[in-house]
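Each chain, letter by letter, is given below.
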Amino acid sequence: YQKSLERTLALAEKDYWTQYIDVNRHQVNVAKTYLWVAVALIGSYTAVFSKYQSMFAIGCATPTLAIITVSAAIIAFGICLYAIPARQGYRAISDSSWGEFTEQAHNLLQDDKKRIYIKILTSLCDSVDKANFHNVATNRGRAALLRQTSWILIVSFVSAILTFSSLFTNNLP
């Protein structure tokens with residue numbers, strides 16, 4: 001039973017650090033990429049508008065599509081910027097400090113309890129699981145925001161294609 005608890009704790013710790021370091025780093029890198037994409041799109045839209053400003057006719061759908069295009073890119077930028085910090089935060093394995101586990105072991109030893117090592121391992125496994133559950137929820141929240149951002153960027157890009165198509169179709173000789 002003791003070996004099983006040790007193995008369980010090792011696996012739980014590995015999962016904890018994966019969520020805390022690897023998934024977090026990946027999500028932050030994805031968010032940075034989305035930020036750059038949003039900025040590049042906004043810059044491109046601004047450059048195209050400044051160059052072809054005279055071609056935007058009020059009576060057609062082009063200005064409406066252009067507003068949707070730019071608005072979607074700006075919204076994607078904002079959501080992505082909001083998603084970068086871990087809103088729920090990451091939870092540590094111990095509530096106050098690692099000393100809580102040594103204090104727990106000391107108290108069990110003073111009370112002449114049996115199987116102290118097993119009880120401490122069980123307590124550690126429980127603490128790691130609770131922290132990991134919280135961290136997974138934090139990562140899920142950020143992942144949902146990043147998925148929204150990706151779809152909004154796609155909407156912006158498709159809307160840009162429609163805007164440019166409308167722009168050049170309305171201005172054909």
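Keep in mind it's a predicted model, so treat the numbers as computed, not measured.

Novice: I would appreciate a short explanation of the confidence of the model for the protein in the present structure.
Specialist: Residue-level pLDDT values for the protein average 88, and 97% of them are 70 or greater. Taking the mean pLDDT of every element in the protein, the minimum, 75, falls on helix H3 (residues 99-110) and the maximum, 93, on helix H2 (residues 62-83).

Novice: Explanation requested: the packing of aromatic side chains in the structure shown.
Specialist: Two numbers describe a pair of aromatic rings. These are the distance of the centres and the angle of the planes. Enumeration over the complete set of coordinates arrives at four aromatic pairs. On the basis of an interplanar angle of 85 degrees and a centroid distance of 4.9 Å, the ring pair of Tyr16 and Trp17 is categorised as edge-to-face. Taking 5.7 Å as the distance between ring centres and 10 degrees as the angle between the ring planes, the aromatic pair formed by Tyr16 and Tyr20 counts as stacked. With a gap of four residues between them, Tyr16 and Tyr20 both fall in helix H1 (residues 2-51), about one helical turn apart. Through pairs of rings, three or more aromatic residues link up here, namely Tyr16, Trp17, Tyr20 and Tyr90.

Novice: Just checking my understanding: could you explain the packing of H2 against helix H4 (residues 116-170) for this structure?
Specialist: Helix-helix packing is characterised by the crossing angle of the two axes and by the distance between the axes. Running from N to C, H2 and H4 point in directions that differ by 160 degrees, and their axes come no closer than 8 Å. Here H4 runs roughly antiparallel to H2, going by the angle between their axes. For the pair H2 and H4, the crossing hand works out as left-handed. Grouping the amino acids of the contact of H2 with H4 by side-chain chemistry returns 18 nonpolar, nine polar and one charged.

Novice: Would you take a moment to explain the side chain of Thr138 for this structure?
Specialist: The topology assignment puts Thr138 in helix H4. Looking at Thr138, the relative accessible area reads 4%, which means it is buried. Apart from the residues lying within four places of it in its own chain, the contact partners of Thr138 are Ala86, Gln88, Gly89 and Tyr90.

Novice: Any chance you could explain the packing of H1 against H4 here in plain terms?
Specialist: Look at H1 against H4: their axes get within 8 Å of each other, and the N-to-C directions meet at 20 degrees. As far as their axial angle goes, H4 and H1 are roughly parallel. In this structure, the crossing between H1 and H4 has a hand that is left-handed. By residue class, the composition of the contact of H1 with H4 is 29 nonpolar, twelve polar and five charged.

Novice: Before we go on, may I ask you to explain a nonpolar patch on the surface in this structure?
Specialist: Side chains of Trp151, Ile154, Phe157, Val158, Ile161 and Leu162 sit close together on the surface and give an oily, nonpolar patch of about 610 Å² of accessible area. Inspection of the secondary structure puts Leu162 in helix H4.

Novice: Quick question: what am I supposed to make of the pattern of salt bridges here?
Specialist: When charged atoms on two side chains of opposite charge get close, those side chains can pair. By the definition in use, this model includes three salt bridges. Glu6 is the partner of Lys3 in a salt bridge, and the nearest nitrogen-oxygen pair spans 3.8 Å. You can see Lys3 and its partner Glu6 sitting in helix H1, three residues apart, about one turn around the helix. You can call Glu6 partly exposed: its relative accessible area is 24%. With its nearest N and O atoms 3.3 Å apart, the salt bridge here joins Asp126 to Lys130. With Asp126 and Lys130 both in helix H4 and four residues apart, this pair spans about one turn of that helix. When its relative accessible area of 44% is taken as the criterion, Lys130 is described as partly exposed.

The rules behind the values
Residues numbered from 1 in each chain as written. Predicted model: local features only at pLDDT ≥ 70, side-chain atom pairs only at ≥ 80, totals over all residues. Heavy atoms only, no water. pLDDT = per-residue confidence, 0-100. Helix = DSSP H or I, 4+ residues; strand = E, 2+ residues; numbered from the N terminus. Phe/Tyr/Trp six-rings, centres within 6.5 Å; stacked < 30°, edge-to-face > 60°. Axes fitted to C-alpha atoms, helices over the stretch in contact; angles between N-to-C directions. Parallel < 35°, antiparallel > 145°, perpendicular 65-115°, else oblique. Left-handed = near helix turned anticlockwise from the far one by under 90°. Nonpolar A, V, L, I, M, F, W, Y, C, P; charged D, E, K, R; others polar. Buried < 20%, exposed > 50% of the residue type's maximum accessible area, 1.4 Å probe, protein only. Contact = heavy atoms within 4.5 Å. Patch = residues over 30% accessible without salt bridge, like charges linked within 9 Å, V, L, I, M, F, W, Y side chains within 5 Å. Areas by Shrake-Rupley, 256 points an atom, 1.4 Å probe, with all protein chains shown as cover. Salt bridge = Lys/Arg side-chain N within 4 Å of Asp/Glu carboxyl O.

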